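Survey of secondary and tertiary structure
If you want the building blocks of each chain, they are given just below.
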Amino acid sequence: MNVDEEKKEDGELYMPDSVLPPRQNREANSTHRLSRLDIQRASTAVKRFVEKRLEEDFNVVKHTTPLAFMTGTGVNDELDGTESKKSVKFIVPNRNVPRGIKVDEAIMKEKSPYEMNCEVVQSLAKWKRIMLDRLDCQVGEGIYCDSTSIRKGYKGDVTHSAIADQWDFEVRINEEDRTVDTLKAYIQKMWNIITDAEEYILELFPDILLEGHPSSKKRLPKEITFITSEDLHKMFPDLSVHGRETAAVRKFGAIFIIGMGWPMSDGSPPEEVRAPGYDDWNLNGDIMVEHPLTEYRHELMSTGVRVNKDSLIAQLAHRGLTNEESLDFNKAVIEGKLPFCFGGGLGISRLLMLLLRTGHIGEVQVGLWHDEHFKQAMAAGIDMIPDRLLHFD
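A short tour of the structure in this document, coming up.

Definitions and limits used
Residue indices begin from 1 for each chain and proceed along its sequence in written order. Since the coordinates come from a predicted model, pLDDT governs what is reported: local features require at least 70, and pairs of side-chain atoms require 80 or more to be given and counted, while whole-chain, interface and lining totals use all residues. Values reported for side chains reflect all heavy atoms of the structure, with hydrogen atoms and water molecules removed beforehand. A pair of Phe, Tyr and Trp rings is counted when the ring centres sit within 6.5 Å of each other, with Trp represented by its six-membered ring. The angle between the planes then sorts it: under 30 degrees is stacked, over 60 is edge-to-face, the rest tilted. Strands are runs of DSSP state E lasting at least 2 residues, helices are runs of H or I lasting at least 4, and numbering of each runs from the N terminus. Partly exposed describes any residue whose relative accessible area lies between the buried limit of under 20% and the exposed limit of over 50%, with all areas from a 1.4 Å probe on protein chains only and scaled to the type maximum. Any two residues whose heavy atoms approach within 4.5 Å at even a single point are treated as in contact. Fitted lines through C-alpha atoms give the axes, limited to the stretch in contact for helices. The angle between two N-to-C directions lies from 0 to 180 degrees. The cut-offs work like this: below 35 degrees is roughly parallel, past 145 is roughly antiparallel, 65 to 115 is roughly perpendicular, and the gaps in between are oblique. Note on convention: near helix rotated counterclockwise from far helix by under a right angle means a left-handed crossing. Clockwise means right-handed. Gly falls in the polar group here, along with every residue not listed as nonpolar (Ala, Val, Leu, Ile, Met, Phe, Trp, Tyr, Cys, Pro) or charged (Asp, Glu, Lys, Arg). Any two strands are treated as partners once DSSP identifies two or more bridges connecting them.

Before going further, it helps to spend a moment on the packing of aromatic side chains. By the definition in use, this model includes seven aromatic pairs. With 4.8 Å between their ring centres and 20° between their planes, phenylalanine 49 and tyrosine 200 make a pair best called stacked. Here phenylalanine 49, found in helix α2 (residues 36-57), pairs with tyrosine 200, found in helix α5 (residues 180-204); they are 151 residues apart in sequence, far enough to count as distant. Phenylalanine 49 sits in the buried class, given a relative accessible area of 17%. Measuring from ring centre to ring centre gives 5.5 Å for phenylalanine 58 and phenylalanine 169, while their planes differ by 65°; the resulting arrangement is edge-to-face. Here phenylalanine 169 lies in strand β6 (residues 163-172) and phenylalanine 58 lies in the loop between α2 and β1 (60-62), a separation of 111 residues in the sequence. The exposure class assigned to phenylalanine 169 is buried, which follows from its relative accessible area of 1%. Clustering of aromatic rings is evident, with ring pairs tying together Phe58, Phe169, Tyr186 and Phe342.

Rendered as structure tokens:
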């Protein structure tokens, strides 16, 4: 056990120092050169650039974004389907409450006949598919949203936040286009947007780079490497999931891992556990790159061709969830009432952290961070955006 691990066990450190960018890279954090206002200006510039290109390259229209769904419809994203990753739930009473400072508590305790059980959005994967049908989108047309969700099941660190923001997009396709070739074509389009955005923002804000530092020479590769989760597992059989993903991005610079959800052929766990109701586990995947400061895997996007009747039924059965075939959304897929489509979510803050060369996602978004997290990050020269007044140096 190293010193950092001992301190962590003693409660002195929120996270091992190794989770933070290596010490030799911390001075290259752009927040050491750009003002706090310039960080916001650069963030806005990237967002405008990406949205314009999404509209042009994917033929999508920006749509208003929901913050919550009714519980029990099957529309919300279940992430990996585990209890810890379940959505934040709340009740909308839908009752008339008299205005004023003093309110009879008895009124508040009465159950309303119009009460609604609701939950905070985790992603719009399924809802967007419903919208494609509602909007009568034709093949090759679609929508995107800039969504923000609460994901309470993650411990905050350099790249993980309880607040997840992403460009959620969805495009209608033909049934015969539910192929790996279609998946790759859309990934290449997205990769072109990402690499062009890097060129754009570095030209607009050259001080993002620390001249003379080794990271200043690093750029995203123009080509992304496609690799199946099975081949990745065989390439680095002795490493953990994150270990092999880090090894792969260090080797190739940028990868798209095809196939997330099914176990490996040797019986090993899947590269990543996925809920069964939105992506086809044979036709989905993640874009990952090496972050120039952290020097480890940096996931940018999860995406895929959406389930059809056969893949949905098979995936529900694999997870022991055949009872969920009766949920409104799943039933509509099984009955062929929803369009075939491709979609996903490109992480907004993840992309900003990459392109602006910051050492922590909390420098480009307002997250929810423990005091000990703030203290450790600040000691490492990380300028996280607070959600409250901080009463320590």
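From this point, things continue past the structure.
Our next topic: the environment of proline 339. Relative to the helices and strands, proline 339 resides in the loop between α9 (328-334) and β11 (341-347). Here proline 339 falls in the buried class, since its relative accessible area comes to 3%. Between the alpha carbons of proline 339 and arginine 306 there is a distance of 9.5 Å; along the sequence they are 33 residues apart. If we ignore the near neighbours within four places in the chain, the residues touching proline 339 are Arg129, Leu132, Asp133 and Arg172.

This part takes up the packing of α2 against helix α10 (residues 348-355). Running from N to C, α2 and α10 point in directions that differ by 120°, and their axes come no closer than 10 Å. Viewed along their axes, α2 and α10 adopt a mutual orientation that is oblique. Every pair of crossing elements has a handedness; the one defined by α2 and α10 is right-handed. Of the residues in α10, those touching α2 at Ser43, Val46, Lys47 and Val50 are Ile348, Leu351, Leu352 and Leu355. For the contact of α2 with α10, the residue count by class is six nonpolar, one polar and one charged.

Next up on the list: the pairing of strand β10 (residues 297-306). By the criterion of burial, β10 is predominantly enclosed, with nine of the ten residues buried. Of the strand pairs in this sheet, strand β9 (residues 279-290) and β10 are connected by eight bridges, and their pairing is antiparallel. Note on β10: the bridge partner recorded for glycine 285 is threonine 303. If you look at the hairpin formed by β9 and β10, you'll find six residues sitting between the two strands, and glutamate 295 has a positive phi there, around 65°. For β10 and β11, the ladder comprises five bridges, and the chain directions are antiparallel. By the bridge assignment, glycine 304 is partnered in β11 with glycine 343.

Right, let's talk about the sheet that holds β6 for a bit. Here we have eight strands laid out as an open sheet, ordered β1-β5-β6-β11-β10-β9-β8-β7, and mixed in their pairing. A single partner strand is all that each edge strand has here, and the edge strands are β1 and β7 (225-228). The sheet shows a mean angle of 25° between the axes of neighbouring strands, taken without regard to direction. When β6 meets β11, the two strands line up antiparallel, connected through seven bridges. Residue pairing in the sheet places aspartate 168 in a bridge with glycine 345 of β11.

Where β1 lies against strand β5 (residues 142-150), three bridges are found, and the strand directions are parallel. The partner of lysine 62 across the bridge, within β5, is tyrosine 144. Bridging between β5 and β6 involves nine bridges; their strand directions are antiparallel. What sits directly across from isoleucine 150, in β6, is isoleucine 163.

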